[in-house]
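Secondary and tertiary structure notes
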Amino acid sequence: MAPLNKLQEKYDYICIGGGSGGVASSRRAASYGKKVALIESSPHLGGTCVNVGCVPKKIMWHAADLADRLRHASKGYHFENVPPPQFNWASFKPQRDAYIRRLNGIYENNLAKEKVDYYGGTARLVSPNEVQITPSDGGEPYVIAGDYITVATGGRSTVPNDDQIPGASLGIDSDGFFDLEDQPKRVAVVGAGYIAVELAGVLHTLGSETHVLIRRERVLRTFDPILQDTLTPWMEHTGIKIHKNTSVTKVEGQKGGELTVHLNDGTQLKVDCVLWAIGRHANTEGLGLKELGIQLDKKGDVVVDEFQKALFVEGKPQLENIFAVGDIQGKALLTPVAIAAGRRLSNRLFGPEKFKNDKLSYEDIPTVVFSHPTIGTVGLTEPEARQKYGSAVKIYKSSFRSLYFSQIEEEHKEPTVYKLIVVGEEERVVGVHIIGQGSDEVLQGFAVAVKMGARKQDLDDTVAIHPTSAEELVTLR
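My aim in this report is to walk through the structure given alongside it, one point at a time. Nothing here was measured: the structure is a model prediction, and the numbers come from that model.

Thresholds, definitions, all that
Residues numbered from 1 in each chain as written. Predicted model: local features only at pLDDT ≥ 70, side-chain atom pairs only at ≥ 80, totals over all residues. Heavy atoms only, no water. Helix = DSSP H or I, 4+ residues; strand = E, 2+ residues; numbered from the N terminus. Rg over C-alpha atoms; globule rule 2.2 N^0.38 Å. Buried < 20%, exposed > 50% of the residue type's maximum accessible area, 1.4 Å probe, protein only. Areas by Shrake-Rupley, 256 points an atom, 1.4 Å probe, with all protein chains shown as cover. Lys, Arg positive; Asp, Glu negative; His and termini not counted. Charge placed at Lys NZ, Arg CZ, Asp CG, Glu CD. Axes fitted to C-alpha atoms, helices over the stretch in contact; angles between N-to-C directions. Parallel < 35°, antiparallel > 145°, perpendicular 65-115°, else oblique. Left-handed = near helix turned anticlockwise from the far one by under 90°. Contact = heavy atoms within 4.5 Å. Nonpolar A, V, L, I, M, F, W, Y, C, P; charged D, E, K, R; others polar. Expected span 1.5 Å × (residues − 1). Phe/Tyr/Trp six-rings, centres within 6.5 Å; stacked < 30°, edge-to-face > 60°. Lys NZ or Arg CZ within 6 Å of the ring centre and 35° of its normal. Pairing = 2+ DSSP bridges. Right-handed = clockwise from strand over helix to strand, strands pointing away. Core = buried A, V, L, I, M, F, W, Y, C linked by side-chain atoms within 4.5 Å. Disulfide = S-S within 2.5 Å.

Here we look at the overall build of the protein chain
From N to C terminus, the protein chain includes twelve helices and 20 strands. Rg of the C-alpha trace for the protein chain: 24 Å, near the compact-globule value of 23 Å for 477 residues, within the 12% margin. Its C-alpha atoms give the protein chain principal-axis dimensions of about 65 × 60 × 45 Å. Out of the 477 residues belonging to the protein chain, those deemed buried represent 49%. About 22,400 Å² of surface is accessible on the protein chain, with carbon and sulfur atoms providing 50% of the total. Each charge class in the protein chain was averaged separately, 55 positive and 60 negative side chains, and the resulting centres sit 2 Å apart.

A look at the packing of helix α1 (residues 20–31) against helix α9 (residues 335–350)
The interhelical angle for the contact between α1 and α9, taken along N-to-C directions, is 25 degrees, at an axis separation of 7 Å. Our classification of the angle between α1 and α9 gives roughly parallel. Crossing hand, α1 versus α9: right-handed. Where α1 approaches α9, its residues Ser20, Gly21, Ala24, Ser25, Arg28 and Ala29 are matched on the opposing element by Thr335, Ala338, Ile339, Gly342, Arg343, Leu345, Ser346, Asn347 and Phe350. For the contact of α1 with α9, the class distribution of residues is six nonpolar, seven polar and two charged.

Concerning helix α7 (residues 225–238)
For α7, built from 14 residues, the straight-helix expectation of 20 Å at 1.5 Å per residue is met to within 8% by its first-to-last C-alpha distance of 20 Å. Within α7 the residues assigned to the buried category are Ile226, Leu227, Gln228, Thr230, Leu231, Thr232, Trp234 and Met235. One or two residues past the end of α7 sits Gly239, with phi positive at roughly 120 degrees.

A short note on the packing of aromatic side chains
In total, this model carries 13 aromatic pairs according to the counting rule given. An aromatic cluster is defined as three or more aromatic residues linked by ring pairs; in this entry it consists of Phe87, Trp89, Phe92, Phe177 and Phe178. Over the ring of Tyr362 we find Lys331; its NZ or CZ atom is 4.5 Å from the centre of that ring.

Points about the pairing of strand β7 (residues 186–190)
Here β7 lies mainly inside the structure; four of its five residues are buried. With five bridges joining them, β7 and strand β8 (residues 209–213) adopt parallel strand pairing. Note that in β8 the partner of Arg186 across the bridge is Glu209. In this fold, the crossover linking β7 to β8 by way of helix α6 (residues 194–205) has right-handed handedness. As defined by bridge partners, β7 adjoins strand β13 (residues 273–276) across four bridges and the pair is classed as parallel. Bridge pairing in β13 links Val190 to Trp276.

A closer look at the pairing of strand β19 (residues 416–423)
The buried fraction of β19 is high, at eight of eight residues. Neither face of β19 is left uncovered, since the one carrying Thr416, Tyr418, Leu420 and Val422 and the one carrying Val417, Lys419, Ile421 and Val423 both have all their residues buried. Summarising the sheet, strand β18 (residues 393–400) and β19 pair through eight bridges and their orientation is antiparallel. For Lys397, the partnering residue across the bridge sits in β19 and is Lys419. Pairing of β19 with strand β20 (residues 428–435), which is carried by seven bridges, proceeds in the antiparallel orientation. Along β20, the bridge assignment pairs Ile421 with Gly431. Between the end of β19 and the start of β20, which pair antiparallel, lie four residues, with Gly424 showing a positive phi angle near 75 degrees.

Let's talk about the nonpolar core
Core analysis: the largest hydrophobic core is formed by 41 residues, its most contacted members being Met60, Phe177, Val189, Leu206, Val212, Leu231 and Met235. Listing elements by their share of this core, those giving two or more residues are α3 (54–75), α4 (89–113), β7, α6, α7 and β13. Contact partners of Leu231, with chain neighbours within four places excluded, come to Val197, Val219, Leu220, Ser371, His372, Pro373, Ile375 and Ile435. If you look at the next biggest cluster of nonpolar residues, it comprises 26 residues, including Tyr11, Ile144, Leu292 and Val302.

A short note on the packing of α3 against α6
Relative orientation of the contacting elements α3 and α6 amounts to 40 degrees, with a least axis distance of 9 Å. One way to sum up the angle between α3 and α6 is to call them oblique. Helix-helix and strand crossings are classified by hand; for α3 and α6 the assignment is left-handed. Residues Lys57, Met60, Trp61, Ala64, Ala67, Asp68 and Arg71 of α3 pack against Glu198, Leu199, Val202 and Thr205 of α6. Taken together, the residues of the contact of α3 with α6 break down into six nonpolar, one polar and four charged.

Remarks on the sheet that holds strand β11 (residues 259–263)
As summarised here, the arrangement of the three strands in space is β10-β11-β12, forming an open sheet in which the pairing is antiparallel. At either end of the open sheet lies a strand with only one pairing partner, and these are β10 (248–253) and β12 (268–271). Ignoring strand direction, the axes of neighbouring strands in this sheet form an average angle of 20 degrees. Note: β11 against β12, four bridges, orientation antiparallel. Its bridge partner being in β12, Thr260 is matched across the sheet by Lys270.

Considering the state of the cysteines
According to the stated counting rule, one finds zero disulfides in the structure shown. Looking at the unpaired Cys15, the closest cysteine sulfur is the one in Cys49, lying at 17 Å.

Overview of α9
Counted at 1.5 Å a residue, the expected span for α9 with its 16 residues is 22 Å, and the 22 Å between its end C-alpha atoms agrees. Among the residues making up α9, those that are buried are Thr335, Val337, Ala338, Ala340, Ala341, Gly342, Leu345, Ser346, Asn347, Leu349 and Phe350. Buried residues along α9 sit in contact with β1 (11–16), α1, α2 (47–52), α3, β5 (142–151) and β15 (322–324).

Remarks on the environment of Leu311
Examined against the element boundaries, Leu311 turns out to sit in the loop between α8 (289–292) and β15. C-alpha of Leu311 to C-alpha of Gln295: the two residues are 16 residues apart in sequence and 5.7 Å apart in space. When residues no more than four places from it in sequence are discounted, the contact partners of Leu311 are Gly293, Ile294, Gln295, Val303, Val304, Asp305 and Gln318.

Right under this line is the structure:
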């Protein structure tokens with residue numbers, strides 16, 4: 001379905017943004033028989049996740065994981081004639097991109113099936129019920145109207161400008177990682193968050209000399225300390241060069257050529273690629289939000305209430321028809337969160353009576369990190385739990401190696417660490433933090449248990465599945 005480019009009659013619902021949140025919310029609204037429009041400024045539907053995020057990232061992680069498995073196959077598991085892995089980035093990229101384009105097509109087809117009108121262009125709110133669209137093909141702007149409007153334009157990578165760090169523009173961000181036609185031989189990844197960790201892990205495991213530049217001592221500083229303390233030294237053990245207490249002062253060179261990265265301690269790095277992974281910020285510019293009086297916080301995120309309704313600045317009427325979901329509202333920047341919030345919003349606005357109070361709870365949201373090894377986490381970290389519950393907190397934990405590594409040389413045995421945080425006499429589980437092979441798949445079921453208010457005894461009463469890593473969570477003493 002090609003994007004529409006003509007003025008339509010009034011809509012029940014308009015979604016600005018064709019990423020995870022906008023598509024999910026618009027389709028759910030249309031399923032209730034509502035007349036719905038969706039506006040997307042980029043050439044492809046799916047947002048960050050589909051195009052330059054979760055999906056292509058996981059594909060690259062699979063490639064890196066396979067490289068590790070090939071290395072283990074010969075020495076550890078005695079497969080013969082297994083050559084050392086040599087990854088052909090240049091030939092793999094078009095194949096990966098073709099899969100992403102296929103997903104874009106599926107998104108378009110799903111909108112068509114649900115009879116959602118899809119507009120290609122940039123959107124701007126010109127009144128509480130009107131959106132001006134500037135077509136992507138250069139046509140004249142026009143206006144459509146809707147009873148309810150949701151802004152779901154997502155976010156983008158934060159990159160220093162050349163005034164802040166001279167030469168910063170010579171680097172790329174996570175979007176640029178997926179544009180790379182060839183694998184860089186030497187990379188400096190700047191950042192300590194999960195995006196930095198994931199992309200550094202992929203690059204290193206596929207054979208690039210990889211430097212990670214962090215401002216403090218450990219990666220993943222917002223995660224539970226046990227995950228930080230396990231992953232940071234393991235990354236170093238595998239050969240990733242982590243530069244601690246480090247910041248970039250200048251970058252010199254030419255894009256596509258050798259770059260010299262100047263560090264705060266006076267040293268220099270020679271690399272082929274600088275990848276900025278220092279955070280993200282909301283796409284709020286040009287949407288007309290400030291002009292309408294919609295409140296933005298200090299980071300530029302739209303301020304919303306528990307029902308995703310946009311709040312207005314003091315002195316402006318608090319309108320009931322404009323909402324924001326996904327990364328633009330600054331909480332839990334995760335694709336499934338945007339999808340869940342968008343669907344619940346449409347349930348409440350357009351669904352049956354049973355959904356009249358439907359909203360997303362932002363507590364106990366599970367997430368994983370596709371590091372090497374993977375991480376799964378849900379609930380409170382230990383510092384958060386102790387701040388909230390004090391001496392009522394009790395910790396259960398276990399460190400071991402997955403059975404898979406029993407046949408692998410000692411230096412290549414990945415660590416596995418499981419940690420359970422419980423509170424009170426009933427030992428209600430308020431946090432699960434795991435790192436080790438398969439943790440990304442293990443976590444989902446235990447996240448259900450945490451959401452249901454499971455106690456430690458509930459886990460103890462569950463018969464273990466043997467031999468698995470996951471059984472450790474139901475046998476902790």
